[in-house]
Amino acid sequence: MRKHLDIVCHALPSWHGEYMKSTVQLMKELAGYHNVLYIDYAYSWKDVLFNSRKNKFIPVKRIVGIDKALEEVKLENGSVMHVLSLPPIIPFNWINNHTLLKFVQGVNSKIINARMKSAMKKLSMEKPMIVNAFNPFFGNHSFQNASHGATIYYCYDNISASVWASKHGTWLEQEFLKKVDAVVFTSEALQQSKDVEGLDSYVVNNGVDLTVFEQESAPQKKYEPSTEINIGYIGSIDDRLDYKLLEQVIHHFQDWNFHFIGRINSEKAERLKTMPNVRFYGAVDVKELPVLMSRFNAGIIPFVKNNFTKNIYPMKANEYLVLGLPVVMTDFAILNDLEEMVTVSENIDSFIQCLADEVKNDSNEKKNTRITKAMGNSWKNKALEFENILLHYV
């Protein structure tokens, strides 16, 4: 019989948004068997007053207390979990002095801790386990005066190589690691990059949401050949992409169509917009992805190779595979569990050749092998791996 746990996830990723997040996916699955409270992203006064005009996902009324801060969310799997919106905090990324930052974060923590403790009391969480999801910014101050169980740090990116988080995140994470009971990483490379000697550490790779993709990924499905060749990329169009490679690949295959689905966060993408065989869709609802991707002949992951990308386990890899698509990627990272399923290129010429070969030599047998592999990497299975780790610290 599975043990029921009280879990508080103090998350950096926001609950609402236009793209999938590993933290959200794991907590949704865990909520099927456990009592889960998701602490939403801590929005600042700047976010509330100015950024909410551009970002429709910021729950302003819950943040400022017009609506109930504690939201009961009914999930697709039939379970229920709770999402807590925090009061607006003082912006802090502009601060350059460590002492001043600690003072401001102490004030911020007092602001948000009261609301968190109130929510925990309403949900009868007397001594919950804490999962801090890539949020060392508040990890050192949160739950100090609240009774709780073990603290697990869920680390899904290299914070020291992140442009937006490295300024304070690097040293705050180092301090936080001294206080946690264990760390769960999303890739072996990320685990190896951290100094966690003497600390329990585990790896749970990213998965795929079968509730979204399974209707288009049934094994033994027959794939009819198309007269057009469509190559697809899903995810943020940002500075992780190798635009020099993309320009040459797209120019080489002038008779092929290249589709980019995701929000555009880089001016470099403008160069691709001028190419006649390129189409940008912008951000789309997750549920629309399988239909759009069903026309693809292959999925690509054309990331640059650097200290940030080498630690990434991209969710899009399994999302391509679960639809039977061949995957061609640059050698930005080592995906040990998918090494036989994806094709890795070392340079532009190799990428072009690999892509041509994968499209030419694809078959129904290969597609169904990819689907079967990816279905084993469902978020349900990944949540079971995560749950087994939590149970060690009850």
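Criteria and cut-off values
Residues numbered from 1 in each chain as written. Predicted model: local features only at pLDDT ≥ 70, side-chain atom pairs only at ≥ 80, totals over all residues. Heavy atoms only, no water. Helix = DSSP H or I, 4+ residues; strand = E, 2+ residues; numbered from the N terminus. Buried < 20%, exposed > 50% of the residue type's maximum accessible area, 1.4 Å probe, protein only. Salt bridge = Lys/Arg side-chain N within 4 Å of Asp/Glu carboxyl O. Contact = heavy atoms within 4.5 Å.

What follows deals with the environment of Y33. Tracing the backbone shows Y33 in the loop between α1 (22-30) and β2 (35-39). According to the relative accessible area criterion, Y33 is partly exposed, its value standing at 43%. Residues Y33 and M315, 282 residues apart in the sequence, show an inter-C-alpha distance of 24 Å.

A few words on the pattern of salt bridges. For the structure shown, the criterion picks out twelve salt bridges. Linking R240 and D238 is a salt bridge whose minimum nitrogen-to-oxygen distance equals 3.1 Å. The exposure classification of R240 matches that of D238, with both residues buried. K305 is the partner of D331 in a salt bridge, and the nearest nitrogen-oxygen pair spans 3.5 Å. A residue pair is termed long-range when its members are at least 10 positions apart, and D331 in the loop between β13 (327-330) and β14 (342-345) and K305 in the loop between β12 (298-301) and α12 (315-321) qualify at 26 residues.

So, on to the environment of V328. Structurally, V328 can be placed in strand β13. Distance from V328 to V342, taken between C-alpha atoms, is 6.1 Å for residues 14 residues apart in sequence. Residues contacting V328, with those up to four places away along its chain left out, are G299, I300, I301, T343, F351, C354, L355 and E358.

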